Amino acid sequence: MQRGEGSQGALDRAARQSPALSPTDRGLATELVYGVLRQQRVLDHWLSGALDRGLQGIDPAALIALRLGLYQLAWLDRVPDHAAIAATIDENRDAIGQGRVGFVNAVLRRLSREQPWTGQAISALPPWIAGRVRDFAAAIGESPDEMERAFEGRAPLHVHVVAPAREGALAALAADGVEVASVGEIPGAFEVVAGSVFAGRLFEHRQLIAQDAASAAVAEWVGAGPGLRVADIAAGRGAKSLFLAAAGAEVTAVDIGQARLDDAEQLAAQSGTPLAGTLAADASSAIDLEPESFDLVLLDAPCSGLGTIRRRPEIRHRRGAVDLYANHGLQLAMARRAADLVRPGGVLIFAVCSFAHEEGPLVVERLLAERPDLQRAPKDDQLKWADPLLDTNGDFRSHPLWYGVDAFYAARLLKK
Ligand SMILES: C[S@@+](CC[C@H](N)C(=O)[O-])C[C@H]1O[C@@H](n2cnc3c(N)ncnc32)[C@H](O)[C@@H]1O
């Protein structure tokens, strides 16, 4: 992985560089990358138990090969141990160097005999994240043990269908051999149970995209509709702008990254509902858009991504608790600017893909404390489907114990 690159981006790049890779090999590569990143803490615990000096001073290439081999021994039943060990060494021989091949081979053979995975398990989450997950569960009245297990696991594949294509979507998916299940009552959101959506017509014409149902729910919870002026701040590659525009709204997407906005523009246009405009800007300082000119402003703020660690397992190795405080400051600065764009009577939707208190509820509490022109928006009958996801304040709090969705936080704030 290149510096700052996510696991999905690295896999996509590797696939482009190796076009001859068969779908089976690509699937195995994906499983290994995600699996090793997800279970790295557990793998390292077993490895250090098998080595006299633990992992101290171990060659980085040898360590990666050991993790890859051990993951296959512990988790991939289809591959016999001796074949997994031989393949790991063959694939990594150049990187680990001939002099260390014997060492890697001996350690993997020993672990294959000892089978540490049959013993007491440790958490795959770093302690500071496990602690946060448990606190979050307790705060929303869920079981901390079950919540921690859910965050350690995998996420299902969810798709989100744009509003104009919803009526015929189930029939079109069934005709493509795709079996889906609804995710609560989130409009247009489905879990893919069997078949491949990516070969179908709906995906080809961008009438659906792969999107976690919690992210889909946030886009739907904005309440965009025909004739409404909507600003999507921190729009990224437009995974939410697409649904706002497809609902009939006039959407302006803002992000600090011009390349991301180009992707957002292309995505909405491919889907047949182009964006009204884009603006590359640092949204934590003044945004060059008419103040109080939008009916709805979505701020999908940059955050730690802790709520998405099942989909982006590298996050657990890159973030620390200190990041939450830095993110809090940036989010609050962006929320102030976003609030300035909302017309009186309009709504600001603040959202993050995180369950951390500093990144969600605390930002909203501070914003409300300093802005007497904002208050929590009253419940909207059109958005009743979201009721099972609302906390006692009426804020949106999704989590993997509910239909396996990611953990997002969002609040709807009315400008008086
Ligand atoms: C959570 S992601 C957005 C995801 C996107 N809304 C979606 O649905 O896929 C956060 C985005 O914030 C953008 N960003 C970070 N700092 C920013 C800033 N100061 N001003 C504007 N955008 C910023 C990043 O470029 C990134 O695209």
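Counting from 1, residues in each chain are numbered in the order their sequence is written. Note on the predicted model: pLDDT of at least 70 is required for a residue's local features to be given, and 80 or more for side-chain atom pairs to be given and counted; whole-chain, interface and lining totals, by contrast, use all residues. Just so you know, side-chain values use all the structure's heavy atoms and leave hydrogens and water out.

Enquirer: Break down the layout of surface pockets for me, with residues and values.
Expert: Its boundaries defined by the atoms lining it, the second largest pocket holds a volume of some 360 Å³. At the level of secondary structure, the elements contributing two or more residues to the lining of the second largest pocket comprise helix 10 (213-221), helix 11 (241-246), strand 8 (294-300) and strand 9 (342-352). Runs of E in the DSSP output that reach at least two residues are strands. Runs of H or I that reach at least four are helices, and both are numbered from the N terminus. Looking at the lining of the second largest pocket, the element that brings in the most residues is strand 9, giving 4 residues. The distinction between a cavity and a pocket rests on a 1 Å grid over the protein atoms alone: a 1.4 Å probe fits inside a cavity but cannot get out, while a pocket stays open yet meets protein on both sides within 12 Å along at least five of seven lines, and a residue with an atom within 4 Å of a point counts as lining. Grid points are joined across faces, edges and corners, and a volume is the space filled by probe spheres set on the points.

Enquirer: Provide a residue-level description of the site of the ligand, including the pertinent values.
Expert: Here a residue counts as near a molecule or strand whenever at least one of its heavy atoms sits within 4 Å of it. Residues in close proximity to the ligand total 15 residues, the closest being Asp 255, Arg 260, Asp 282, Ala 283 and Asp 300. A 3.5 Å cut-off defines polar contacts: any pair of N or O atoms within that distance qualifies, except that in protein one atom must be a possible hydrogen donor and the other a possible acceptor, and neighbouring residues in sequence count only when both atoms are side-chain atoms. Here a nitrogen atom of the ligand sits 3.2 Å away from a polar atom, N or O, in the main chain of Ile 256. Here the ligand, which alone exposes 600 Å², has 81% of that area covered by the protein. Gly is put with the polar residues, along with every residue not named as nonpolar or charged; the nonpolar set is Ala, Val, Leu, Ile, Met, Phe, Trp, Tyr, Cys and Pro, and the charged set is Asp, Glu, Lys and Arg. For the shell around the ligand, the class distribution of residues is 9 nonpolar, 1 polar and 5 charged. All accessibility values rest on the Shrake-Rupley procedure with a 1.4 Å probe; residue burial counts only the protein chains present in the view.

Enquirer: Before we move on, could you go through the domain arrangement of the protein chain and cite the residues and values that matter?
Expert: The split of the chain into domains comes from an automatic or database domain assignment. The assigned domain composition of the protein chain is domain 1 (7-118) and domain 2 (212-415). Placing the centre of domain 1 and that of domain 2 at their C-alpha centroids yields a distance of 38 Å. Summed over both partners, the accessible area lost on bringing two parts together, with a 1.4 Å probe, is the buried area. Together, Ser 7, Leu 37 and Arg 38 form the three largest contributors to the area buried by domain 1 at its contact with domain 2, with a combined 72%. Criterion for a salt bridge: a side-chain nitrogen of Lys or Arg within 4 Å of a carboxyl oxygen of Asp or Glu. Joining domain 1 to domain 2, the criterion identifies 0 salt bridges. Applying the counting rule to domain 1 against domain 2 returns 4 residue pairs in polar contact (both at pLDDT 80 or more). Take the side of domain 1 that touches domain 2: its biggest share by element is 4 residues, from helix 2 (residues 23-50). The class makeup of the residues in the side of domain 1 that touches domain 2 is 2 nonpolar, 2 polar and 1 charged.

Enquirer: Outline the nonpolar core, listing residues and values.
Expert: For the purposes of this section, nonpolar cores are sets of buried Ala, Val, Leu, Ile, Met, Phe, Trp, Tyr and Cys residues that join through side-chain atoms within 4.5 Å. Here the term buried applies to any residue with accessible area under 20% of the maximum for its type, exposed to any over 50%, and partly exposed to those in between, with areas from a 1.4 Å probe on protein chains only. Among the nonpolar cores identified, the biggest contains 69 residues, and Ile 233 and Leu 299 are the most heavily contacted of them. Per-element tally for this core: the top contributor is strand 9, with 7 residues. The contacts of Ile 233, once residues within four sequence positions are left out, are Val 254, Ala 283, Ile 287, Val 297, Leu 298, Leu 299, Asp 300, Ala 338 and Leu 341. The next biggest cluster of nonpolar side chains, apart from the first, holds 29 residues, and it includes Leu 43, Trp 46, Ala 61 and Val 101. Contact criterion: two residues are considered in contact whenever any of their non-hydrogen atoms come within 4.5 Å of each other.

Enquirer: Report on the pairing of strand 12 (residues 409-415), specifying residues and quantitative values.
Expert: For strand 12, a buried count of 7 out of 7 residues is recorded, marking the element as mostly surrounded by other parts of the structure. Burial of strand 12 is two-sided: the residues Tyr 409, Ala 411, Leu 413 and Lys 415 facing one way and the residues Ala 410, Arg 412 and Leu 414 facing the other way are all buried. DSSP-based pairing: two strands are paired if at least 2 bridges between them are found. Relative to strand 12, strand 9 runs antiparallel, the two being bridged by 6 bridges. By the bridge assignment for strand 12, Val 352 is matched with Tyr 409.

Enquirer: Please provide a residue-by-residue account of helix 14 (residues 321-341), values included.
Expert: The span one expects for a helix is its residue count, reduced by one, times 1.5 Å. Its 21 residues place the ends of helix 14 31 Å apart at the C-alpha level, agreeing with the 30 Å of an ideal helix rising 1.5 Å per residue. Burial in helix 14 covers these residues: Leu 324, Asn 327, His 328, Gln 331, Leu 332, Ala 333, Met 334, Ala 335, Ala 338, Ala 339 and Leu 341.

Enquirer: Got a sec to walk through the packing of aromatic side chains? Specific residues and values, please.
Expert: For any pair of aromatic rings, the description consists of the separation of the ring centres together with the inter-plane angle of the planes. A pair of aromatic rings is counted whenever rings of Phe, Tyr or Trp (Trp by its six-membered ring) have centres within 6.5 Å, and the orientation is called stacked for planes under 30 degrees apart, edge-to-face for over 60 and tilted otherwise. Evaluation of the coordinates by the stated rule reveals 8 aromatic pairs. Ring geometry for Trp 46 against Trp 75: centres 5.7 Å apart, planes inclined by 25 degrees, an arrangement best described as stacked. With Trp 46 in helix 2 and Trp 75 in helix 3 (residues 60-75), this pair connects stretches of sequence that are 29 residues apart. With 5.3 Å between their ring centres and 20 degrees between their planes, Phe 136 and Phe 355 make a pair best called stacked. A residue pair is termed long-range when its members are at least 10 positions apart, and Phe 136 in helix 6 (residues 127-139) and Phe 355 in the loop between strand 9 and helix 15 (361-370) qualify at 219 residues. Of the two residues, Phe 136 and Phe 355, both sit in the buried class. Taken together, the ring pairs connect Trp 46, Tyr 71, Trp 75 and Trp 117 into an aromatic cluster. The residue whose ring lies beneath Arg 206 is Phe 203, and the NZ or CZ to ring-centre distance is 4.5 Å. By definition here, charges over rings are those cases where NZ of Lys or CZ of Arg is within 6 Å of the ring centre and within 35 degrees of the ring normal. Geometry around Trp 221 places Arg 412 over its ring, the cationic atom sitting 5.9 Å from the centre.

Enquirer: Now, about the packing of helix 4 (residues 81-96) against helix 5 (residues 98-114): what can you tell me, with residues and values included?
Expert: Each axis is a line fitted through C-alpha atoms, and for a helix only the stretch in contact is used; angles between axes span 0 to 180 degrees, taken between their N-to-C directions. Axis separation between helix 4 and helix 5 bottoms out at 10 Å; the angle between their running directions is 155 degrees. Considering their axes alone, helix 4 and helix 5 lie roughly antiparallel with respect to each other. Helix 5 is crossed by helix 4, and the crossing has right-handed handedness. In this structure, helix 4 uses Asp 81, Ile 85, Thr 88, Ile 89, Arg 93 and Ile 96 to contact helix 5, whose residues at the interface are Gln 98, Arg 100, Val 101, Val 104, Asn 105, Leu 108, Arg 109 and Ser 112. Partitioning the contact of helix 4 with helix 5 into residue classes produces 6 nonpolar, 4 polar and 4 charged. For classification purposes, angles smaller than 35 degrees are called roughly parallel, those larger than 145 roughly antiparallel, those between 65 and 115 roughly perpendicular, and all remaining angles oblique. Definitions for this section: a left-handed crossing has its near helix turned counterclockwise from the far helix by less than a right angle. A right-handed crossing has that turn clockwise.

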